[in-house]
Amino acid sequence: MASWVKDIQFPQLFIPITITNKAVVNPAGPIPVEDGDTLYLSNLDDVIGCRVLTPTVYFYNSDPSSSSRVMETLRDALSLVLVPYYPLSGRLRETENGKLEVFFGPNQGALIVEARSLMTLAELGDLSVPNPSWTSLVHYFPNEEPYRVTDVPLIIAQVTYFGCGGFSLGLRLCHCLCDGIGAMQFFSAWATMARLGTLSATPTPCWDREYFLPQNPPLIKFPHKEFMSVIDCSTLTKSLWEVKPIQKCYMVSKEFLDLVKSMSNLNNNREITFSTFDAMAAHIWRSWVKALDVSPKDYELRLTFTVNVRHMLKDRPLKEGFYGNAVSVACATSTVHDLIDKPLPNTTDLVHNARISVNEDYIRSVVDYIEVKRPKMLEFGGKLTITQWTRFLLYELADFGWGRPVYAGPIDLRPTPQVCVLLPEGGPDAHGVLVCICLPEAACRKFEEFFCLNNLR
């Protein structure tokens with residue numbers, strides 16, 4: 001069973017870079033807005049957790065036929081794609097009550113940066129897993145405020161050339177304008193434009209954020225524990241924020257995924273079989289809490305994760321091509337005692353029930369909750385958040401004309417150590433999942449024992 005889960009090691013590095021060029025990228029043609037115009041953002045776009053420029057990086061091996069024109073190719077393709085995706089060329093600003101909107105004015109557009117490093121890709125170590133040392137491969141402004149999304153470019157790209165001829169694309173894309181599915185839709189259009197030389201924005205981008213207007217008057221039907229501010233009386237948050245956590249990455253085989261799913265469905269008398277996500281989310285949650293030895297045992301913990309709601313909207317379906325945030329945060333709760341002492345199927349049932357509880361009524365209630373409460377801070381009390389990137393086709397959609405990337409995905413989880421990310425395995429015929437999670441160094445061995453089922457109960 002140990003061969004089904006591999007702890008992937010990565011080196012701690014310093015990657016010196018030299019920035020050689022910066023360019024503002026504006027739409028290449030007319031767009032249906034003028035200076036002074038604004039666009040509405042829904043409350044799902046404006047939720048506090050979306051106020052971030054999500055960083056990702058993509059590595060490409062040397063391709064002598066194209067590497068000399070990478071910057072030019074990306075810039076020109078982005079300029080063309082920004083015509084149908086013109087909101088990404090604007091800026092965000094706060095209105096009354098702190099709500100965000102997109103506005104258009106002079107001196108805006110996306111930003112693309114060119115940089116060079118004398119290092120080679122081989123010197124970066126294993127490129128199959130995210131490494132916090134890659135942070136210099138995405139562009140940050142000097143003295144940049146964390147989580148600031150106002151009055152900054154909504155797309156920030158950095159091309160870094162390495163001494164071996166390989167290169168990386170570091171990207172920061174504002175989450176307020178796109179959820180994961182929407183970001184992949186935009187990214188695919190950009191890559192297709194670069195690869196084929198013709199604009200093929202299919203499906204047609206759809207803004208339509210007014211679909212998620214709040215009800216009048218707002219009607220909050222559910223308690224929405226996912227947003228509640230909780231005073232963390234447990235040791236969980238303290239154990240992660242008082243010491244610098246370590247980012248750990250485990251490559252999990254399909255056989256292991258199948259095993260955990262089958263274990264979760266033991267004695268399951270329900271007509272519906274628990275999904276692989278239900279099972280893995282429950283298993284990760286239990287293993288993490290056991291490894292952290294959380295106390296007191298009667299304290300209520302939360303597991304949150306996002307659920308795509310596009311297919312749930314029956315009254316008036318979203319148009320194909322909608323690239324805004326159409327996700328809801330589901331929340332499972334359990335006392336520490338029940339989480340660690342009751343069997344895996346019990347926790348899986350909690351995750352499953354939280355997932356299926358998200359429906360059209362729930363999403364409308366979320367919109368109204370944000371309208372009334374407008375949470376101002378990220379809440380971490382007693383919480384683990386699992387983010388699933390396995391269905392985003394990161395590798396398949398990132399071919400800009402120089403082939404499939406060696407790696408595609410996030411970089412550093414440690415700034416929010418209560419987030420676990422599930423990534424697709426990078427190989428073309430791969431079926432495994434990469435589990436990336438943060439732990440205090442003292443808890444790593446215990447987590448691996450529980451996660452690998454060496455200490456199964």
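Because the structure is a prediction, the values reported are computed rather than measured. (Residues numbered from 1 in each chain as written. Predicted model: local features only at pLDDT ≥ 70, side-chain atom pairs only at ≥ 80, totals over all residues. Heavy atoms only, no water.)

Novice: Tell me about the environment of L266, and name the residues and values.
Specialist: Considering the arrangement of structural elements, one finds L266 in the loop between α4 (254–264) and α5 (276–292). By relative accessible area, which is 51% here, L266 ends up exposed. In the structure, L266 is positioned 79 residues away from P345 in sequence and 6.9 Å away in space, judged by C-alpha atoms. (Helix = DSSP H or I, 4+ residues; strand = E, 2+ residues; numbered from the N terminus. Buried < 20%, exposed > 50% of the residue type's maximum accessible area, 1.4 Å probe, protein only.)

Novice: Report on the pairing of strand β4 (residues 53–60), specifying residues and quantitative values.
Specialist: Taken across its 8 residues, β4 has 6 buried, putting it largely inside the fold. Note: β4 against strand β9 (residues 167–174), 8 bridges, orientation antiparallel. Counted as the bridge partner of P55 is R172 from β9. In the sheet, β4 pairs with strand β14 (residues 407–409) via 3 bridges, with the strands oriented antiparallel. Following the sheet pairing, Y58 is matched in β14 by A408. (Pairing = 2+ DSSP bridges.)

Novice: Account for the sheet that holds strand β5 (residues 91–94), naming residues and giving values.
Specialist: Read from one edge of the open sheet, 3 strands run β3-β6-β5, paired in antiparallel fashion. Edge positions in the sheet fall to β3 (38–40) and β5, since each of these pairs with one other strand and no more. Strand-to-strand twist of the sheet, defined as the mean angle between neighbouring strand axes without regard to direction, takes the value 40°. In terms of strand pairing, β3 meets strand β6 (residues 100–103) through 3 bridges, oriented antiparallel. Of the residues in β6, the one forming a bridge with Y40 is E101. (Axes fitted to C-alpha atoms, helices over the stretch in contact; angles between N-to-C directions.)

Novice: Any chance you could break down the sheet that holds β4 for me, citing the residues and the numbers?
Specialist: Here 6 strands make up an open sheet; going across it, the order is β2-β7-β8-β9-β4-β14 and the pairing mixed. The sheet is open, and its two edges are formed by β2 (18–25) and β14, each paired on a single side. On average, adjacent strands in this sheet sit at an angle of 15° to one another, irrespective of strand direction. Across the sheet, helix α2 (residues 180–196) touches β4, β8 (155–161) and β9, and the angle it forms with β9 is around 135°. (Contact = heavy atoms within 4.5 Å.)

Novice: Account for helix α9 (residues 444–451), naming residues and giving values.
Specialist: Taken together, the buried positions of α9 are occupied by C444, F447, F450 and F451. The arc that holds every buried residue of α9, seen down its axis, measures 130°, which confines them to one face. Downstream of α9 by a residue or two, L453 has a phi angle that is positive, lying close to 70°. (Arc of directions from axis to C-beta.)

By themselves, these figures tell us nothing about what the structure is for.
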